[in-house]
Amino acid sequence: MRHLSFAIIGAGNIGRIQAEAIARIPDARLTVVCNRGSRAGMDLAKAHGAEWSPHYQDAVQHPEVDVVSICTPSGTHAEIAETAAAAGKHLLVEKPLDITLPRVDRILSAASRANVILASVFPLRFMKGVHQAKQALDAGRLGRLTMADAYVKWFRPPSYYEVGWRGTWELDGGGALMNQSIHSIDLLQWLAGPVDYVFARTATLSHDIETEDTATALLGFAHGGMGVIQGATSCWPGTAARIELQGPQGTIVLEEGRIVTWQLADADDEEEAAMLSLEADTGSSSQDPMGIGSENHRLQIQDLIEAIHGDRAPAVAGDEGRKAVEIVRAIYRSATTGMPVQLPLADDD
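Note that the structure is predicted; figures quoted are calculated from it, not measured. (Residues numbered from 1 in each chain as written. Predicted model: local features only at pLDDT ≥ 70, side-chain atom pairs only at ≥ 80, totals over all residues. Heavy atoms only, no water.)

(A) Structural detail: the packing of aromatic side chains. As enumerated under the stated definition, the model contains two aromatic pairs in all. Ring centres of tyrosine 160 and tyrosine 161 lie 4.9 Å apart, and the angle between their planes is 90°; this geometry places the pair in the edge-to-face category. With respect to class, tyrosine 160 is no different from tyrosine 161; both count as buried. Centre to centre, the rings of tryptophan 169 and tyrosine 332 are 5.1 Å apart; their planes meet at 85°, and the pair counts as edge-to-face. Note that tryptophan 169 is positioned in the loop between strand 7 (147–153) and helix 7 (176–192) and tyrosine 332 in helix 10 (residues 318–337), a separation of 163 residues in sequence. Just above the ring of tyrosine 160 sits the side chain of arginine 156; from NZ or CZ to the centre is 5.3 Å. (Phe/Tyr/Trp six-rings, centres within 6.5 Å; stacked < 30°, edge-to-face > 60°. Buried < 20%, exposed > 50% of the residue type's maximum accessible area, 1.4 Å probe, protein only. Helix = DSSP H or I, 4+ residues; strand = E, 2+ residues; numbered from the N terminus. Lys NZ or Arg CZ within 6 Å of the ring centre and 35° of its normal.)

Structure representation (structure tokens):
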């Protein structure tokens, strides 16, 4: 299998994690790091034997680059993705794909026009516990799903938002929901969705930012079940992100994608023990954005490489990444209007 060459655009926290992941894949290499006007990009490139470029327009045109990984502030993704796709590069775009549905759709359209593969970064989908939960739900082992909830009660100090773009509508696209909680929102909709409606409240209670640091949304699912999303960066010291799935025949609880409760009416003690010991704790971003390792990113990047070689869709394609953005946008609309909002959204801006 021919190795693939990557360009990482953005040398912040997630760019460093992706660089670590790429370094652990034998058939991948990091060729270019782009970070405008920052020593961080030069240092990351040097650490991985890559070139440094201050301009993404040049980085995506590099003749050796096969895949462009976009790790810049969320509200800049569309322009970079369109330029990279036009250059014939496959796309790996960090969460969220972008901050509004029209901007997300620009990325999807650009990838389709250029016939390049687009993967939306949601590494928790590659955890063993998540796949076991998905199989159990698809097999009906919980019965009709009645409750499905996501809790992301994290903490960020004021210094976290001093970067400038975080907590802004223009570049972050939101706060605790669009930035931190979107991983769990993606998992919830993938496991329990689709979402039929939301009714929400948001607030800014502990930070001096434009966007929310505390939010609660009531969900109705297409299958009739109900649920809650709570997302925050205002809850010290921060606890592991939690997904709870419940029905008349069982309960499954995931923390950071790892199974911590497996109680099914048709499961014996041996199965329960196996599920609880399925994988080790891989860390949490509840207190520190760098509190996670690179393993799940490695798995997703490996899947993208195999998708490119096999000319197939990646496990988390662009249309999948769009769904979580739509839910967050619906929550924001509900919080603004004070009314329930039906999905799919008829329009967005």
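Back to the write-up after that little detour.
(B) Summary view of the packing of helix 4 (residues 77–86) against helix 5 (residues 101–114). Packing of helix 4 against helix 5 brings their axes to within 9 Å, and their N-to-C directions diverge by 5°. With respect to helix 5, the element helix 4 is oriented roughly parallel. Residues His77, Ala78, Glu79, Ala81, Glu82 and Ala85 of helix 4 pack against Arg103, Arg106, Ile107, Ala110, Ala111 and Ala114 of helix 5. Partitioned by chemical class, the residues of the contact of helix 4 with helix 5 number seven nonpolar, one polar and four charged. (Axes fitted to C-alpha atoms, helices over the stretch in contact; angles between N-to-C directions. Parallel < 35°, antiparallel > 145°, perpendicular 65-115°, else oblique. Contact = heavy atoms within 4.5 Å. Nonpolar A, V, L, I, M, F, W, Y, C, P; charged D, E, K, R; others polar.)

(C) Quick look at the pattern of salt bridges. Overall, the coordinates contain 23 salt bridges when judged by the stated rule. The partner of aspartate 266 in a salt bridge is arginine 141, and the shortest N-O contact between them spans 2.8 Å. Of the two residues, aspartate 266 is situated in the loop between strand 13 (258–264) and helix 8 (269–276) and arginine 141 in the loop between helix 6 (128–138) and strand 7; the sequence distance between them amounts to 125 residues. The salt bridge partner of glutamate 306 is arginine 312, with a shortest N-O separation of 3.9 Å. Look at arginine 312 and you get partly exposed, because its relative accessible area is 34%. (Salt bridge = Lys/Arg side-chain N within 4 Å of Asp/Glu carboxyl O.)

(D) Just the environment of alanine 232, in detail. Relative to the assigned elements, alanine 232 resides in strand 10 (residues 226–232). The exposure class of alanine 232 is buried, given its relative accessible area of 4%. Residues alanine 232 and isoleucine 259, 27 residues apart in the sequence, show an inter-C-alpha distance of 22 Å. Alanine 232 has contacts with Val152, Lys153, Trp154, Ala176, Ser181, Asp213 and Thr214, leaving out every residue within four places of it along the chain.

(E) Seen up close, unusual backbone geometry. A cis amide bond links lysine 95 to the next residue, proline 96, at an omega of -25°. Going from glycine 193 to proline 194, the amide bond is cis rather than trans, its omega being 5°. The topology assignment puts proline 194 in the loop between helix 7 and strand 8 (195–203). The phi dihedral of glutamate 256 falls on the positive side, at around 55°, and the residue is not glycine. One can find glutamate 256 in the loop between strand 12 (250–255) and strand 13. Classification of glutamate 256 as buried rests on a relative accessible area of 11%.

The values are spatial; any link to function lies outside them.
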